[in-house]
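Architecture at a glance
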Amino acid sequence: MKWFCRCDQCGTHYDLVPGRYLCDVCAKKQQADRPLEGVLELAWEGAPDPHSIPLPVEPKWFPPIPVGNTPLWAPQRLREQYDARHLWIKDDTCNPSGSFKDRASWLVAAFARQHGVQEIVLASTGNAASSMAAVGAAAGLNIKVFLPANAPVAKRIQVLQYGAELVSVDGNYDQAFDLSREYSDRTGALSRNTAYNPLTIEGKKTVSFEIIDDLARAGASAPDHVFVPVGDGVILAGVYRGFENLLALGRITKIPTIWACQAQGSNAIARALTTPYAEGDPFGPPRSSQTLADSIAVDVPRNGLHALSKLKKHDGKAVVVTDDEILAAQKTLASGSGLFAEPSSCTAFAGWVKVQATLPREESCLLLITGNGLKDIKAAAQGLGLTI
Ligand SMILES: *Cc1c(COP(=O)(O)O)cnc(C)c1O
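Keep in mind it's a predicted model, so treat the numbers as computed, not measured. (Residues numbered from 1 in each chain as written. Predicted model: local features only at pLDDT ≥ 70, side-chain atom pairs only at ≥ 80, totals over all residues. Heavy atoms only, no water.)

**Description of the sheet that holds strand β7 (residues 142-148)**
We apply this condition: Two strands pair under a simple rule: DSSP has to find at least two bridges between them. A run of H or I in DSSP counts as a helix once it spans at least four residues, and a run of E counts as a strand once it spans at least two, with each numbered from the N terminus. Any two residues having at least one pair of non-hydrogen atoms within 4.5 Å are treated as being in contact. Lines fitted to the C-alpha atoms define the axes, with helices restricted to the stretch that makes contact. Angles between their N-to-C directions range from 0 to 180 degrees.
The strand order across the open sheet formed by four strands is β8-β7-β6-β9, and the pairing between neighbours is parallel. Both edges of this open sheet fall to β8 (165-169) and β9 (190-191), since each of them pairs with a single strand only. Here strand β6 (residues 119-123) pairs with β9 via two bridges, running parallel. Among the inter-strand pairings, valine 121 is bridged to a residue of β9, identified as serine 191. Across the face of the sheet, helix α4 (residues 127-139) comes into contact with β6 and β7 while running at roughly 170° to β7.

**Points about the site of the ligand**
Selection criterion: The rule for a residue being near a molecule or strand is that one of its heavy atoms must lie within 4 Å of it. In protein, a polar contact means a hydrogen-donor-capable atom and an acceptor-capable atom, both N or O and within 3.5 Å, with residues adjacent in sequence counting only if both atoms are side-chain atoms; elsewhere, any N or O pair within 3.5 Å suffices. With residues, only the protein chains shown are counted as cover, and all accessible areas are computed by Shrake-Rupley using a 1.4 Å probe. Polar here means any residue outside two lists: the nonpolar Ala, Val, Leu, Ile, Met, Phe, Trp, Tyr, Cys and Pro, and the charged Asp, Glu, Lys and Arg; Gly therefore counts as polar.
Taken together, 16 residues sit near the ligand, with Lys101, Asn127, Gly231, Gly233 and Thr370 positioned nearest. Here an oxygen atom of the ligand sits 2.8 Å away from a polar atom, N or O, in the main chain of glycine 233. Take isoleucine 235: an N or O atom from its main chain is 2.9 Å from an oxygen atom of the ligand. Considered on its own, the ligand offers 380 Å² of accessible surface; in the complex 98% of this is hidden by protein. Partitioning the shell around the ligand into residue classes produces five nonpolar, seven polar and four charged.

**Things to note about the packing of helix α3 (residues 102-114) against α4**
Stated formally: For this classification, under 35 degrees means roughly parallel, over 145 means roughly antiparallel, 65 to 115 means roughly perpendicular, and everything else is oblique. Handedness of a crossing is defined here by the sense of rotation of the near helix relative to the far one, left-handed for an anticlockwise turn of less than a right angle and right-handed for a clockwise turn.
Across the interface, α3 lies against α4 with an axial gap of 9 Å and an inter-helix angle of 40°. As the angle between them shows, α3 and α4 are arranged oblique. Like other packed secondary-structure pairs, α3 and α4 cross with a definite hand, here right-handed. On the side of α3, the interface is formed by Asp102, Ser105, Trp106, Ala109 and Arg113, while α4 contributes Ala128, Ser131, Met132, Val135 and Ala139. In terms of residue class, the contact of α3 with α4 is made up of six nonpolar, two polar and two charged.

**Digging into the packing of aromatic side chains**
This is how it is decided: A pair of Phe, Tyr and Trp rings is counted when the ring centres sit within 6.5 Å of each other, with Trp represented by its six-membered ring. The angle between the planes then sorts it: under 30 degrees is stacked, over 60 is edge-to-face, the rest tilted. Relative accessibility decides the category of a residue: with a 1.4 Å probe and only protein chains considered, values under 20% of the type maximum give buried, values over 50% give exposed, and everything between is partly exposed.
Per the counting criterion, the structure on display carries 10 aromatic pairs. Taken together, a centroid distance of 5.2 Å and an interplanar angle of 55° make the contact between tryptophan 3 and tryptophan 44 tilted. In this pair, tryptophan 3 is assigned in strand β1 (residues 2-7) and tryptophan 44 in strand β3 (residues 40-45), connecting sequence segments 41 residues apart. In this structure, tryptophan 3 and tryptophan 44 share a single accessibility class: buried. Aromatic pair phenylalanine 177 and tyrosine 196: ring centres 6.3 Å apart, planes at 70°, arrangement edge-to-face. Placement of phenylalanine 177 in helix α6 (residues 173-187) and of tyrosine 196 in the loop between β9 and α7 (198-204) is noted, with a sequence separation of 19 residues between them.

**Looking at the nonpolar core**
Formally: Definition used in this section: a nonpolar core is a set of buried Ala, Val, Leu, Ile, Met, Phe, Trp, Tyr and Cys residues joined via side-chain atoms within 4.5 Å.
With 57 residues, the main nonpolar core has Ile120, Ile143 and Leu190 as its most contacted residues. When neighbours within four sequence positions are excluded, isoleucine 120 is seen to be in contact with Val108, Ala109, Ala112, Met132, Leu141, Asn142, Ile143, Lys144, Leu190 and Arg192. Counting 29 residues, the second largest nonpolar core, distinct from the first, contains Phe100, Ile212, Phe283 and Leu311.

Remember that the coordinates give geometry; whether it matters functionally is a separate question.
Next up, the structure:
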C-alpha cells in the first residue's frame, strides 16, 4: 500500500514525510484568527488487509503501550431511564493517559520512530499534552509541551510524571500553539499540533473501526447516530474518516449521523454549520471561549474548515448545551452508569439527552466518552455544589 496526503480543500497530493503539515497552496490563504487552511487528510493506493485497520505506519513501529481497544458499554439503567434500548457508550477514558487523545499520539509516535525523529513538540489545553507525554514515555521519545498556565492541575502533573518537558505559557491555547509551531519550525522537532499534523486526524479514525467490531461482537449493527464532543473538530473528522474508510472497504453500508456536541460558550463549529458568518468566511472573528469544559474550549477551532466540510458532506448535525447541562449530565452519567467522565465528554451525553426524544426509538445511538472525570476534579466538584 502506498500512503499519501491529500488537501481536503483543493485535492493536491503530497508525500507523507516528516515536516509535511499543511497544503502549500491553501495555507497561503491563511488569515489570522481563523481555522487552519489546507488541512491534509491521509489516503492510500492499493488493497489493505481486510482484517485490520489501514494505517500509514507498520505495526512494528508502534510503542508498547495499550492504546485503543477500549470497552463498549451497554448502560442498562440509562437505557431504562430514557426508554432507549439501543444506547451504547464507547469508553475512551480507558486509554493509558485517560483520554481519547492517545489514539493520535500513538500514531504520531510510531511515525516518529519509523523516521528516526527523537523529539515531538505540541501545544495543548491539557489532554493532548498528557497523552503525548505518556506515549512518549513508552516509546523513549523526547516530548516538549506548551501548556497554558490555567490547564487543570491533574493534566499538568501527568505531563511531569511521564517525564515530558513542560513549558507553561502565560496566555491561552492559541499563544501556546504559535510558540510550539515556532519551535518545530526552528528545530525540526515533529509537531503533534492537532489538525496541523495530519496523523492526528488519521490516528483518531481507529475508534470507528472498533465501534463497528465491538457492536458486531455484541450482536448489534452499526450505529445510526454517534455523539461526539467537539472543540477543534479533530475527533469529529477522525470519526468521519474511519467511517469513510469503512464504507469504501464495504464494511458498512452508510455513514452514521454524527452529532457535533459543543458547549454554548465554545460553539464555533455548530455556529458555522447552522448560521455561517459570511459567504467564504463561515467562522468569522473568534469569540473568546467561556466554558468549564476545558478540553473543548477553543476560540478558533483549528480543524474548523475541515470538520465543517465533513459535516456538510455527510449531513451531520450539531447540538449545543450549557455548562449547567454539562454538569447535570456528568452526574447523571456517573450515577446512572458508573462512568465518571470529564466535562468535555459529558457534552456528548448532554447533547444526546437534549435530542434523544426526537429520534426514532429503534435507531441506535452511541456516545463517545473521551476523558476520565478525575482529570478535572474542580469542575466535577462544582457540579456537586462543592468548592475545592
Ligand atoms: C481534545 C478533547 C476533545 C475534543 O476534541 P477536538 O478534536 O478538539 O474536537 C473532547 N474530549 C476530550 C476528553 C478531549 O481531550
